[in-house]
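# Observations on chain architecture
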Amino acid sequence: MVLQYQIPGNDFSSAGEASSNFKTVLKKLGLPSQTIRRVAIAMYEAEINTVIHGGGGECKAEVNGDRIRITFCDHGPGIQDVNLAMQAGYSTASEKIRELGFGAGMGLPNIQKYADDLQIDTEIGKGTTLVLTVNL
Ligand SMILES: Nc1ncnc2c1ncn2[C@@H]1O[C@H](COP(=O)(O)OP(=O)(O)OP(=O)(O)O)[C@@H](O)[C@H]1O
Ligand SMILES: [Mg+2]
């Protein structure tokens, strides 16, 4: 099964809709609640990053026999230093974004924690593709 979502950039009214929709789909499939929880947290963080940092993009969520794989693709500024971005507490979020409750610098570390695999492909000025995998 493959689902596609459009992630609007800088739009906080609909931010989180893709992860919320996919969570409902996984529940209907009857997957273990622990698995659904891990996918939902990791997917939400990647979705919010696409909204805030990536200027929006596309998301593809796939379920097959042995894994769930979710790809986020944006054409935003890219990530300067991925190792630095992966560190807990590192954030380039603006004051305005922090006032909205984001910018703790915990999104990528949490994706790393809850997903079985995380791949980030990024190019400055071109964009970022993030692929997270949760094994079933
Ligand atoms: N899609 C992206 N495009 C460009 N930069 C990104 C992207 N995703 C993450 N980053 C960069 O990596 C940093 C760390 O991301 P992370 O999700 O860990 O923290 P955050 O989004 O700043 O805060 P939080 O997720 O806790 O609200 C971001 O501040 C940003 O600089
Ligand atoms: Mg984040």
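The shown structure was predicted, so the numbers you read here are calculated from the model rather than taken from an experiment. (Residues numbered from 1 in each chain as written. Chains lettered and ligands numbered in written order. Predicted model: local features only at pLDDT ≥ 70, side-chain atom pairs only at ≥ 80, totals over all residues. Heavy atoms only, no water.)

## Examining the nonpolar core
Grouped together as the largest cluster of nonpolar side chains are 27 residues, with contacts concentrated most on Phe 22, Ile 70, Ile 111 and Leu 132. Broken down by secondary-structure element, the contributors of at least two residues to this core are β1 (2-8), α1 (17-28), α2 (33-52), β2 (56-63), β3 (67-74), α5 (107-114) and β5 (127-135). The biggest single contributor to this core is α2, with six residues. In contact with Phe 22, other than residues within four places in its own chain, are Met 1, Leu 3, Tyr 5, Val 39, Met 43, Ala 61, Val 63, Ile 68 and Ile 70. (Core = buried A, V, L, I, M, F, W, Y, C linked by side-chain atoms within 4.5 Å. Buried < 20%, exposed > 50% of the residue type's maximum accessible area, 1.4 Å probe, protein only. Helix = DSSP H or I, 4+ residues; strand = E, 2+ residues; numbered from the N terminus. Contact = heavy atoms within 4.5 Å.)

## Brief notes about the sheet that holds β3
Strand order in this open sheet of five strands is β1-β2-β3-β5-β4, and the pairing throughout is antiparallel. Each end of this open sheet is capped by a strand with a single partner; those strands are β1 and β4 (117-123). Strand-to-strand twist across the sheet, computed as the mean angle between neighbouring axes with direction ignored, equals 10°. One ladder, built from seven bridges, connects β2 with β3; its direction is antiparallel. Considered in β3, the bridge of Cys 59 is made with Phe 72. Contacting β1, β2 and β3, α1 runs over the sheet at an angle of about 160° to β1. (Pairing = 2+ DSSP bridges. Axes fitted to C-alpha atoms, helices over the stretch in contact; angles between N-to-C directions.)

## With respect to the site of ligand 1
The environment of ligand 1 is made up of 19 residues, and the closest members are His 53, Ser 91, Thr 92, Gly 103 and Met 106. Ala 104 has a polar backbone atom sitting 3.2 Å from an oxygen atom of ligand 1. Between ligand 1 and Leu 108 there is a distance of 2.9 Å, counted from an oxygen atom to a backbone nitrogen or oxygen. Surface burial for ligand 1 is 93%, taken as the share of its 600 Å² of free accessible area covered by protein chains. The set of elements that each furnish at least two residues to the shell around ligand 1 consists of α2 and α5. Counting residues per element, the shell around ligand 1 draws most heavily on α5, at three residues. For the shell around ligand 1, the class distribution of residues is eight nonpolar, nine polar and two charged. (Near = heavy atom within 4 Å. Polar contact = N/O pair within 3.5 Å; in protein donor to acceptor, adjacent residues only side chain to side chain. Areas by Shrake-Rupley, 256 points an atom, 1.4 Å probe, with all protein chains shown as cover. Nonpolar A, V, L, I, M, F, W, Y, C, P; charged D, E, K, R; others polar.)

## What about unusual backbone geometry?
Positioned with a positive phi, Asn 10 is a non-glycine residue whose angle comes to about 55°. By secondary structure assignment, the location of Asn 10 is in the loop between β1 and α1.

## Let's talk about α2
Here α2 spans 28 Å end to end across 20 residues, near enough to the 28 Å set by a 1.5 Å rise per residue. Among the 20 residues of α2, 14 are classified as buried, and the element is accordingly described as predominantly covered. (Expected span 1.5 Å × (residues − 1).)

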